[in-house]
Structure formats: C-alpha cells, structure tokens
Amino acid sequence: MSDPVFVRLGTKPAPYPDDVRERLDRDADLIVARYSPPEQPDSKMSRSALLPLLHLVQSEEGYVSPTGIEFCAQRLGLTGAEVAAVSTFYSMYRREPTGDYLVGVCTNTLCAVMGGDAVHNALRDHVADDDSLVTVTHIECNAACDYAPVVMVNWEFFDNQTPETARTIVDDLRSGREVVPTRGASLMTFRETERVLAGFPDERLGAVHAGGQPGDPTLAGLRVAHDKGMTAPAVSEATDSGSAPLGSESAAAAATTKDKPAPAPSASVPPEKGR
C-alpha cells in the first residue's frame, strides 16, 4: 500500500521579516493582555483581542494581508479561516492595499438623497484606482445623518459635503496641506489611524477632547418636540417588549405564555385581542 499524500491548497503566506515580527509581537502582547486574565494567559477570552489585532496588522501593511491573517491566527490559537471570516465581515478591514488616505463616502439612504451619490461619483472620476496616496470607497452609515452627505477620511468626519468641497479635500491631501476634519484633530495617515484603533495612544494635539456641544442639526428634532409639548411616556405607561402596558390583563397573559414554544406550522395562531 502506497504512503498517503497530503496536498496543501494554496500557498502559505510569507512571514513578516524578523524585525517586524518582533515589533508586532511586543504590541500584540499588550493587546492580548487586556483580554486575558493574568492567571489564565491562554484563556479563550483572548480571542476577544482579534478585532484590535486586525487593526494592528492593518497598521503595518495598510490592509489585512494573508500574512496578517496568519499572524493573528498564531497569536490567538485560531485557524486562518476563522480570522479571515472576521476580517471579511467588517468593512473597516481592508482586503487590498490602501493609500495614506482612505476617503469614504456614505451612500446610504439619507446621504444618498442629500447628494452622497453625486459626491461619490465625482471622487471616482477625480481619483484614479491606482492612486497610491488616496483610496476612494463608499461606506455604510456612520450615524452622522444630521450632517448628510458625509465624507470620512481615515474615519474622521467631513460634514455637509458637495462634489466641489470633496474634490478640494482630496487636492489638499495630495498637496500636503494640513487637512482638519469638521470635528477632531488634524488627519493622520491611514496606518497611523489604524494603530490608534488597535488601542494605542493618540498623541495628536486636541485628539482627546473633553466637552463639546451637539450642533443645531442634531438638536432639531428635540426642539420640535419641545415646541409641540411632546414628552416621553411616563414610567407607568412603559410596555413589555412593545406589547400591552405593564400590569394589564394582556401583559399577565403574555407572561404565562412567554416560555412556551412557538406554534407548529400547522397550528393556528389566535388573533390579537380586539381584532
């Protein structure tokens, strides 16, 4: 009987150079220690360090490379497939080399309605796909809808953009001029930003800022509610999981059935009370 033959699918990624690996290991030790109790250094809790570790390797190469995936897997006792599954699920992790400035345009509903698609198209025409300094992409909602359309550069906000202002931002980045977001300190490069997201100090002047007030667009809805005398429901009117008011007959009935299994597909579901 012939000896078994083992076949490896794909090629093993090249390791980091020794000096890079030593530096990354030192940083990774600090990151993993935040999630592993000192008395249990090999605890499965250390797997929670995967997200910041992915930011760490992204700060090294500008994206999560096969080498970075292998590094994270080795450090956390995971398979490459497990690490790749996480890195490809979250859009914050890049799958291909990224320039010094990642310019993301929100094209979700409100930003698109307010002109986000036009901004995105303008930047696509303005920046070549192989530009080594600026990378343009669309991004998902970043919870700044009150300032739509929003552009983010290395995850910093630029509010109320137009095609013209967005092109100016890119031109300023290319020229080396200082670019300051709508709120926050001056921009860092993408790799520098990723290191901060990995959990290391942000030493920019004004980066750690206490205080600040919400802007007028953020407060617009609150002012309308105030002017119309709108208030939140009183505690006694609170509901249980969106159903009938607490303490009512319906709530009591719901409490007696909440742990029962759902009806089988063939069973009939009784109509809601009052229907």
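Treat the numbers as computed from the prediction; the structure is a model and nothing was measured.

What counts, and where the lines are drawn
Residue numbers restart at each chain and count upward from 1, following the sequence in its written direction. This being a predicted model, a pLDDT of at least 70 is required before a residue's local features are given, and a value of 80 or more before pairs of side-chain atoms are given or counted; all residues contribute to the totals for chains, interfaces and linings. Side-chain calculation: all heavy atoms of the structure are included, whereas hydrogens and water are not. Numbering of helices and strands runs from the N terminus, with a helix taken as a DSSP run of H or I at least four residues long and a strand as a DSSP run of E at least two residues long. Note on exposure labels: buried denotes an accessible area under 20% of the residue type's maximum, exposed denotes more than 50%, and partly exposed covers the range between, all computed with a 1.4 Å probe on protein chains only. In this analysis, two residues are considered to be in contact whenever any of their non-hydrogen atoms come within 4.5 Å of each other. The criterion for strand pairing is that DSSP finds at least two bridges linking the strands in question. Between N-to-C directions, angles span 0 to 180 degrees; the directions come from axes that are lines fitted to C-alpha atoms, helices contributing only their stretch in contact. Each nonpolar core is a collection of buried residues, namely Ala, Val, Leu, Ile, Met, Phe, Trp, Tyr and Cys, held together in the definition by side-chain atoms within 4.5 Å. What goes into a patch is any residue over 30% in relative accessible area without a salt bridge, connected to like charges within 9 Å or, for nonpolar side chains (Val, Leu, Ile, Met, Phe, Trp, Tyr), within 5 Å. Accessible surface is estimated by sampling points in the Shrake-Rupley manner with a 1.4 Å probe; for residues, cover comes only from the protein chains shown. Throughout this description, the term salt bridge denotes a Lys or Arg side-chain nitrogen within 4 Å of a carboxyl oxygen of Asp or Glu. If an angle is under 35 degrees, it is roughly parallel; if it is over 145, roughly antiparallel; if it lies from 65 to 115, roughly perpendicular; otherwise it is oblique. Residue classes follow a fixed rule: Ala, Val, Leu, Ile, Met, Phe, Trp, Tyr, Cys and Pro count as nonpolar, while Asp, Glu, Lys and Arg count as charged, and any other residue, Gly among them, counts as polar. A helix is expected to span 1.5 Å multiplied by its residue count minus one. Note that the arc is computed from the directions linking the helix axis to the C-beta atoms. For Phe, Tyr and Trp, where Trp contributes only its six-membered ring, two rings pair if their centres lie within 6.5 Å, and the inter-plane angle classes them as stacked under 30 degrees, edge-to-face over 60, or tilted in between.

A. Up close: the overall build of the protein chain. Along the protein chain, the regular secondary structure elements total 10 helices and four strands. Traced from its N-terminal end to its C-terminal end, the protein chain shows the element sequence α-α-α-α-β-α-α-β-β-β-α-α-α-α. A burial count over the protein chain gives 34% of its 275 residues as buried. Restricting the contact set of the protein chain to residue pairs at least 6 apart, pairs at least 24 apart contribute 64%.

B. The arrangement of the sheet that holds strand β2 (residues 134–139) in detail. An order of β2-β1-β3-β4 is seen for the four strands of this open sheet, with the pairing classed as mixed. With one partner strand each, in any of the chains shown, β2 and β4 (156–158) form the two edges of the open sheet. Strand-to-strand twist of the sheet, defined as the mean angle between neighbouring strand axes without regard to direction, takes the value 25 degrees. Sheet topology note: the strand β1 (residues 101–106)/β2 ladder contains six bridges and is parallel. By the bridge assignment for β2, Y101 is matched with V134.

C. Local environment of the nonpolar core. One finds L53, L56, C72 and V83 to be the most contacted residues of the largest nonpolar core, which totals 23 residues. If you list the elements that add at least two residues to this core, you get α1 (18–33), α2 (50–61) and α3 (66–76). Apart from the residues within four sequence positions on either side, L56 is in contact with L24, D27, A28, I31, R195, A198 and F200. Counting 17 residues, the second-largest nonpolar core is a separate cluster that includes Y101, V136, F158 and A166.

D. Layout of a nonpolar patch on the surface. A cluster of nonpolar side chains, namely L51, F89, Y90 and M92, defines an oily patch on the protein surface of about 390 Å² accessible area. Inspection of the secondary structure assignment puts Y90 in the loop between α4 (80–89) and β1. For Y90, a relative accessible area of 34% gives the class partly exposed.

E. Region of interest: the packing of α2 against α4. With their axes 11 Å apart at the nearest point, α2 and α4 run at an angle of 80 degrees to one another. One finds that α2 runs roughly perpendicular with respect to α4. Contact with α2, carried on its side by L50, L51 and L54, involves V83, V86 and S87 of α4 and no other residues of that element. Taken together, the residues that form the contact of α2 with α4 break down as five nonpolar, one polar and no charged.

F. Quick peek at the pattern of salt bridges. The final tally for this structure, using the stated rule, is 16 salt bridges. K12 is paired through a salt bridge with E70; the nearest N and O atoms lie 3.0 Å apart. In this pair, K12 is assigned in the segment before α1 and E70 in helix α3, connecting sequence segments 58 residues apart. Here K12 falls in the exposed class, since its relative accessible area comes to 52%. Across the pair R26 and E22 runs a salt bridge, and its minimum N-O distance is 3.6 Å. You can see R26 and its partner E22 sitting in helix α1, four residues apart, about one turn around the helix. For R26, a relative accessible area of 48% puts it in the partly exposed group.

G. View of helix α7 (residues 163–175). Across its 13 residues, α7 extends 18 Å between first and last C-alpha, which sits within 8% of the 18 Å expected from 1.5 Å per residue. Taken as a whole, α7 has its buried residues at A166, I169, V170 and L173. End-on view of α7: buried residues confined to an arc of 95 degrees, all on one side of the axis. Those residues of α7 that are buried lie in contact with β1, α6 (116–126), β2, β3 (151–153) and β4. Of the residues trailing α7, G176 is marked for its positive phi of about 85 degrees.

H. Quick peek at the packing of aromatic side chains. What the rule picks out here adds up to three aromatic pairs. Each ring, one from Y16 and one from F71, has its centre 6.0 Å from the other, and the planes form 75 degrees; the classification is edge-to-face. With Y16 in the segment before α1 and F71 in helix α3, the pair connects residues that are 55 residues apart, well separated along the chain. The pair formed by Y16 and F71 is uniform in burial state, with each residue classed as buried. The interplanar angle of 85 degrees and the centroid separation of 6.4 Å between the aromatic rings of Y90 and Y93 together place this pair among those described as edge-to-face.

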